[in-house]
Amino acid sequence: MHRLAVEVNALLPTFLIIDSPMKNISERENKEQFEVFHTLVYELASSELRGTQIILIDKEYCPIPRELGLSSVTRHMKPDSEEHPPLIPYYRGH
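Draft legend 1. Focus on the overall build of the protein chain. A tally of helices and strands in the protein chain yields two helices and two strands. Taken from N to C terminus, the helices and strands of the protein chain fall in the order α-β-α-β. Referenced to the eigenvectors of the C-alpha coordinate spread, the extents of the protein chain come out at roughly 45 × 30 × 25 Å. Out of the 94 residues in the protein chain, the part that is buried amounts to 24%. Within the protein chain, counting contacts between residues at least 6 apart in sequence, those at least 24 apart form 49% of the total. Carbon and sulfur atoms make up 54% of the accessible area of the protein chain, which totals about 7700 Å². Here the protein chain carries 10 positive and 14 negative side-chain charges, and the mean point of each set is 3 Å from the other.

Structural data, given as structure tokens:
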């Protein structure tokens with residue numbers, strides 16, 4: 001939807017939250033799939049969605065290629081952590 005809005009010069013929100021469907025896929029067996037997904041998000045952030053803050057919720061982190069010139073902040077949320085609490089405090093992943 002954001003890509004279409006850019007094409008037709010429509011107004012966009014200043015941030016985009018992506019709750020990744022990759023959480024249901026094993027990164028050990030499908031590492032390339034994770035990397036391709038993250039690369040696509042990073043390429044969009046550095047081009048047609050430049051200026052949009054992207055919040056990517058995922059169980060894995062693939063570093064941003066330096067040549068894209070993007071900055072990022074990561075936060076590894078953990079159960080029972082006061083510094084990095086999970087989004088849903090009572091969820092334990094079972």
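Draft legend 2. Geometry of a nonpolar patch on the surface. A grouping of Met77, Leu87, Ile88 and Tyr90 is seen on the molecular surface, where their side chains present a nonpolar patch of about 460 Å² in accessible area. Counting through the fold element by element, methionine 77 comes out in the segment after strand S2 (53-57). Owing to a relative accessible area of 30%, methionine 77 belongs among the partly exposed residues under this scheme.

Draft legend 3. A look at the nonpolar core. Listed in full, the six residues of the largest apolar core are Leu16, Ile18, Phe37, Val41, Leu44 and Leu49. Those elements that place two or more of their residues in this core are strand S1 (15-19) and helix H2 (31-46). Among the elements that line this core, the one with the most residues is H2, at three residues.

About the thresholds
- Residues numbered from 1 in each chain as written.
- Predicted model: local features only at pLDDT ≥ 70, side-chain atom pairs only at ≥ 80, totals over all residues.
- Heavy atoms only, no water.
- Helix = DSSP H or I, 4+ residues; strand = E, 2+ residues; numbered from the N terminus.
- Buried < 20%, exposed > 50% of the residue type's maximum accessible area, 1.4 Å probe, protein only.
- Contact = heavy atoms within 4.5 Å.
- Areas by Shrake-Rupley, 256 points an atom, 1.4 Å probe, with all protein chains shown as cover.
- Lys, Arg positive; Asp, Glu negative; His and termini not counted.
- Charge placed at Lys NZ, Arg CZ, Asp CG, Glu CD.
- Patch = residues over 30% accessible without salt bridge, like charges linked within 9 Å, V, L, I, M, F, W, Y side chains within 5 Å.
- Salt bridge = Lys/Arg side-chain N within 4 Å of Asp/Glu carboxyl O.
- Core = buried A, V, L, I, M, F, W, Y, C linked by side-chain atoms within 4.5 Å.

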